[in-house]
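If you want the building blocks of each chain, they are given just below.
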Amino acid sequence: MVDDRVESPPADAPILSFEEERRGGLEVRAIVSAAYSTNTFLSRNNPVPDSVFRIGPTVSYVQGDMKEGEGGFVQFAYQPTGVIFGKSRTNDRIDQVAALNAGWRGKTSQITYTGAARRLGDAIADTGIESNRLELENELRAAWTVREKIAVELAAGISLTNYDSSELVSSGRIYGEVAVRYAYSPKTQLGLAYRAGEIRIEGFDNQTTQQVAGSIDWQPREKITVKIEGGAELRKFDRETKINPVVKAQIEWRPRQETRLFLNAYQRNEVSALNQGQVFNLRGVAAGFSQRLGSKWTFLLETGYEKSEYFEVKSTGVSSRNDEIWFVSPRLTYRFTDLCDLSLFHRTSDNTSTDPNFGYDEVITGLELNYQF
């Protein structure tokens, strides 16, 4: 679950999404970007300024519709990205991302598999260094409509983050979930879910989790959508128990066809890869707006704040710390045609940490070209 972190800059680790409109069938896109960063590897004490070039295709295939109608559907995308540094050539790498959605939907039932595999090497705030890793996510979900407005869902999933370096801690999660969805009205859906799982941490005792969360998917106006999930997680580790809130919220407002405003918020616990045996509570919020300027130009502005509070489970690494990250990121895009656009992007970010070995300041400015064949 890295797609909502405010630490992720634009044109960095690639993320594939099936929320975009797609023509269906086979599609091929190309992405080329060039950027200058004042702190390429997110270091507090030894910042390395460098130019970073990214180039790679995106191959996707879509068949069927997973939201409407009956029958099978499949959505697949693969994106290899060459990352080339101007000075730090020994750090050149190829990032790879693959994503798959596939399933079948009948009149009263649906089964869906969702999976993703990411091979990445970017620097992340938790480690403060380049972190070569393999991330895997898999979930199988089945849903039945037991009454006109009531649906029951069963799901099982497994995820893994495996780091190449022996100095970083790999971890994984396995879980099962049961949920009930109630269509209160055509524009309001309520839900209640219970999830139980186990977190496995390399070299440390396993942690068990139980989570109860309610949700609302609401459209109070034609141009406003609200999606909120909230609840509590009970986590057991080393003879201790800790209860923490979990939140995931998305609010979007389109006052006009050319204007979009959005607000995202989240809170959850994550396993630290560097602070061995530690977990950090993650809280963040991001907001922004996009505005079309005529028929060719689009302006996007995003800003966000995130706080990470580390706490010991069983630690042999560095002591606990607190990090606070904020960022501001404007982007201006010019669309030559429906298949080609060019963006100028900028990002200013700051990570203040209570540990003198962590935290960073970074400014990124660059250009990105997207072309769809």
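Residues numbered from 1 in each chain as written. Predicted model: local features only at pLDDT ≥ 70, side-chain atom pairs only at ≥ 80, totals over all residues. Heavy atoms only, no water.

So, on to the packing of aromatic side chains. Counted by the stated rule, this structure contains seven aromatic pairs. Ring geometry for Tyr182 against Tyr184: centres 6.4 Å apart, planes inclined by 70 degrees, an arrangement best described as edge-to-face. Here Tyr182 falls in the partly exposed class, since its relative accessible area comes to 33%. Of the residues examined, Tyr184 reaches a relative accessible area of 53% and is grouped as exposed. A centroid spacing of 4.9 Å and a plane angle of 80 degrees characterise the contact between Tyr334 and Phe336, whose relative ring orientation is edge-to-face. Classification of Phe336 by relative accessible area gives partly exposed; the value is 40%. Positioned over the ring face of Tyr175 is Arg195, at 3.9 Å from the centre of the ring. Residue placement shows Lys242 over the ring face of Phe311; its charged tip is 4.8 Å from the ring centre. (Phe/Tyr/Trp six-rings, centres within 6.5 Å; stacked < 30°, edge-to-face > 60°. Buried < 20%, exposed > 50% of the residue type's maximum accessible area, 1.4 Å probe, protein only. Lys NZ or Arg CZ within 6 Å of the ring centre and 35° of its normal.)

A few words on the environment of Trp326. Position of Trp326 among the secondary structure elements: in strand E16 (residues 322-337). Its relative accessible area of 39% is what places Trp326 among the partly exposed residues. Separated by 42 residues in sequence, Trp326 and Gly284 have C-alpha atoms that sit 9.4 Å apart. Excluding its chain neighbours within four sequence positions, the residues that come into contact with Trp326 are Gly304, Tyr305, Thr348, Ser349 and Asp350. (Helix = DSSP H or I, 4+ residues; strand = E, 2+ residues; numbered from the N terminus. Contact = heavy atoms within 4.5 Å.)

A cluster of nonpolar side chains, namely Val32, Phe53, Ile55, Ile84, Leu293, Trp297, Leu332, Phe336, Leu342, Leu344, Leu367 and Leu369, defines an oily patch on the protein surface of about 970 Å² accessible area. Here Ile84 is to be found in strand E3 (residues 71-85). The class for Ile84 is partly exposed, based on a relative accessible area of 34%. (Patch = residues over 30% accessible without salt bridge, like charges linked within 9 Å, V, L, I, M, F, W, Y side chains within 5 Å. Areas by Shrake-Rupley, 256 points an atom, 1.4 Å probe, with all protein chains shown as cover. Salt bridge = Lys/Arg side-chain N within 4 Å of Asp/Glu carboxyl O.)

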